[in-house]
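Given next are the chains, with one letter for each unit.
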Amino acid sequence: LSRIVRLVDEAQGNRAPIQAQADRIASIFAPCVMILAVVTFICWAVFLDSSSGSLEERYVTALMSAISVVVVACPCALGLATPTAV
């Protein structure tokens, strides 16, 4: 039993090289997606034709577009955030 515990501790302590690479990519990808979502919100809120509806409708459209960017780029984010919100 002590041997199994030691092996599990060693396995948890060592990181696979692919895990380090995935962490590096995620550290760049996630902020880029969030920046793109903010830019999407701003573009839809500012440049959407004012004759298309009230200011509130423009902001709702902008927010839905920004959320769509995040969900399409990171579909697992929706699965992670849903249990937290509930």
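Calculation criteria
- Residues numbered from 1 in each chain as written.
- Predicted model: local features only at pLDDT ≥ 70, side-chain atom pairs only at ≥ 80, totals over all residues.
- Heavy atoms only, no water.
- Helix = DSSP H or I, 4+ residues; strand = E, 2+ residues; numbered from the N terminus.
- Buried < 20%, exposed > 50% of the residue type's maximum accessible area, 1.4 Å probe, protein only.
- Contact = heavy atoms within 4.5 Å.
- pLDDT = per-residue confidence, 0-100.
- Salt bridge = Lys/Arg side-chain N within 4 Å of Asp/Glu carboxyl O.
- Expected span 1.5 Å × (residues − 1).
- Patch = residues over 30% accessible without salt bridge, like charges linked within 9 Å, V, L, I, M, F, W, Y side chains within 5 Å.
- Areas by Shrake-Rupley, 256 points an atom, 1.4 Å probe, with all protein chains shown as cover.

Topic: the overall build of the protein
(1) Moving on: Helix and strand content of the protein: four helices and zero strands.
(2) Moving on: Shown N-terminal to C-terminal, the secondary structure of the protein runs as helices and strands in the order α-α-α-α.
(3) Moving on: Classification of the 86 residues of the protein by burial places 12% in the buried group.
(4) Moving on: Taking the contacts inside the protein whose residues are at least 6 apart along the sequence as the reference set, 48% of them involve residues at least 24 apart.

Considering the confidence of the model for the protein
(1) Moving on: Residues at a pLDDT of 70 or more form 85% of the protein, whose mean pLDDT is 82.
(2) Moving on: Across the protein, helix α3 (residues 55–73) holds the top mean pLDDT of 90, while helix α4 (residues 75–85) sits lowest at 61.

A few points about the pattern of salt bridges
(1) Moving on: Scanning the entire structure with this criterion turns up one salt bridge.
(2) Moving on: The salt bridge involving glutamate 10 is made with arginine 6; its shortest N-O contact spans 3.3 Å. Placement of the pair is glutamate 10 and arginine 6 together in helix α1 (residues 2–13), with a separation of four residues, close to one helical turn.
(3) Moving on: The class of arginine 6 is partly exposed, set by a relative accessible area of 43%.

Side note on the environment of phenylalanine 47
(1) Moving on: Its location among the elements puts phenylalanine 47 in helix α2 (residues 17–47).
(2) Moving on: By relative accessible area, phenylalanine 47 is classed as exposed at 65%.

Describing α2
(1) Moving on: With 31 residues, α2 ought to run about 45 Å at 1.5 Å a step, and its terminal C-alpha atoms sit 44 Å apart, in line with that.
(2) Moving on: Each element contacted by the buried residues of α2 is listed here: α3.

What about a nonpolar patch on the surface?
(1) Moving on: A cluster of nonpolar side chains, contributed by Val60, Leu63, Met64, Ile67 and Val71, occupies part of the molecular surface with about 430 Å² of accessible area.
(2) Moving on: The partly exposed category is assigned to leucine 63, whose relative accessible area is 45%.

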